[in-house]
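Inside the fold
Residue strings, one per chain:
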Protein chains: 2
Amino acid sequence: MRQAIKQAQKAYELLEVPVGCVLVKDNKIIASAYNKREHKQSSLAHAEMLAIAKASKKLHNWVLEDVTMYVTLEPCLMCTGAIFQSRLKRVVYGAKEPKFGVLGSLMDLSQETRFNHRIEVSSGLFQDEISQMMKDFFKQLRSTT
Amino acid sequence: MRQAIKQAQKAYELLEVPVGCVLVKDNKIIASAYNKREHKQSSLAHAEMLAIAKASKKLHNWVLEDVTMYVTLEPCLMCTGAIFQSRLKRVVYGAKEPKFGVLGSLMDLSQETRFNHRIEVSSGLFQDEISQMMKDFFKQLRSTT
């Protein structure tokens, strides 16, 4: 998660909402990414999506079994869908996202038994530090716009 | 939808699950795409995602307001999330997808009031033709693998 936070800090410096993500397989980081929605002008450029794309490219496989995602913020609907589509094993997220998060906040899709894949989810790692980073970011954004 | 079906047929010819998608704004097609998951070895390469990426690139904007999506098959969780993220106005899909569809089948997220955006959804256009194409595809796939 420390590496995911470092990724989030890169986004912060670019005035992107600071979300960072790393994917780990066999105790090695196979992909790292941070949110680039504004720079790419693409709603698909969330940190999780970019990390999944990188990992699939690296492994030459869209199936990312036995891969764990560490992401600073609770994933949204799109990213959670991508996590299911990629068949990730586990998601560890830091802070909750009360407006968009669907792995515990708005709903908890990890408990949804109708999908054909299940993921393990845990959360709370470095949540105070991450929440503070988010608050600082939005405070700074408001003061500069 | 006729154009979306043409896109799906391109996928079919490449032995990709035949799903096609077009995005329309002001009565003009602004993006067309078909499923390329196997060719790109990316779980993110669903027709809807590729069409959204193309449209954002064309309009230089991640916000796709007043855009309608025509897609042959009911969108999955990831694509529905991307539809919300991109703030599309309306989705018209052809056939239902009982295993993965979340706009009427597994669940109906268009009725979810907790998201910060609402989308209009209609379905059933050319559904018999599209369902038949899907059946033919999987029959052919089973006979060749």
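Structure: above.
Read on for a plain summary of the structure. What you are looking at is a predicted structure, and each value in this text was computed from that prediction instead of being measured. (Residues numbered from 1 in each chain as written. Chains lettered and ligands numbered in written order. Predicted model: local features only at pLDDT ≥ 70, side-chain atom pairs only at ≥ 80, totals over all residues. Heavy atoms only, no water.)

**Let's talk about the side chain of Ser43 of chain B**
For clarity, the cut-off: Each helix is a run of H or I in the DSSP string that is no shorter than four residues. Each strand is a run of E no shorter than two, and both are numbered from the N terminus. Side-chain atoms alone can form a polar contact between residues adjacent in sequence; in general such a contact is a pair of N or O atoms within 3.5 Å, and within protein one must be able to donate a hydrogen while the other accepts it. Every residue pair with non-hydrogen atoms within 4.5 Å of one another is taken to be in contact.
Relative to the elements of secondary structure, Ser43 of chain B occurs in the loop between helix H2 (37-40) and helix H3 (47-59). Side-chain polar atoms of Ser43 of chain B contact the side chain of Ser86 of chain A, separated by 2.7 Å. Not counting the four nearest positions on each side in its chain, Ser43 of chain B is found in contact with Ile52, Trp62, Ala82, Gln85 and Ser86 of chain A together with Arg37 and Met78 of chain B.

**Thoughts on the sheet that holds strand E5 (residues 120-123) of chain B**
Residue and element names in this part refer to chain B. Defined as follows: Each pair of strands is called paired provided DSSP finds at least two bridges between the two strands. In this analysis, axes come from line fits to C-alpha atoms, helices being fitted only over the stretch in contact, and the angle between any two N-to-C directions falls in the range 0 to 180 degrees.
Read across the sheet, five strands follow the order E2-E1-E3-E4-E5 without closing on themselves; strand pairing throughout is mixed. Edge positions in the sheet fall to strand E2 (28-34) and E5, since each of these pairs with one other strand and no more. Within this sheet the neighbouring strands show an average axis-to-axis angle of 15°, counted without direction. For strand E1 (residues 20-25) and E2, the ladder comprises six bridges, and the chain directions are antiparallel. Bridge pairing in E2 places Gly20 opposite Tyr34. Sitting on the sheet, helix H5 (residues 127-144) touches strand E3 (68-73) and strand E4 (90-95), and the angle it makes with E4 is about 60°.

**Notes on the nonpolar core**
Our working definition: To define a nonpolar core, start from buried Ala, Val, Leu, Ile, Met, Phe, Trp, Tyr and Cys residues and group those joined through side-chain atoms within 4.5 Å. Residue burial is assigned from relative accessible area. The probe radius is 1.4 Å, only protein chains are included, and a residue is buried under 20% of its type maximum, exposed over 50%, and partly exposed in between.
Leu23, Met69 and Leu109 of chain A together with Leu23, Met69 and Leu109 of chain B are the most contacted members of the largest nonpolar core, which has 92 residues in total. Ignoring any residue separated from it by four or fewer positions in sequence, one finds Leu109 of chain A in contact with Leu77, Thr80, Phe84, Val102, Leu103 and Phe115 of chain A together with Leu77 and Met107 of chain B.

**Looking at the relation of the copies chain A and chain B**
Our working definition: Least squares is used to superpose the copies, and the fit set is the C-alpha atoms of residues whose pLDDT is at least 70 in both copies.
When chain A is fitted to chain B, the residual RMSD is 0.0 Å, and the transformation amounts to a turn of 180° plus an axial shift of 0.0 Å. In the structure described here, the two chain copies are related by an operation that fits a two-fold rotation axis. The C-alpha atom lying nearest the rotation axis in chain A is that of Met78 of chain A; the distance is 2.1 Å. In this assembly the copies share their binding face: 100% of the residues contributing to the interface of chain A also contribute to that of chain B.

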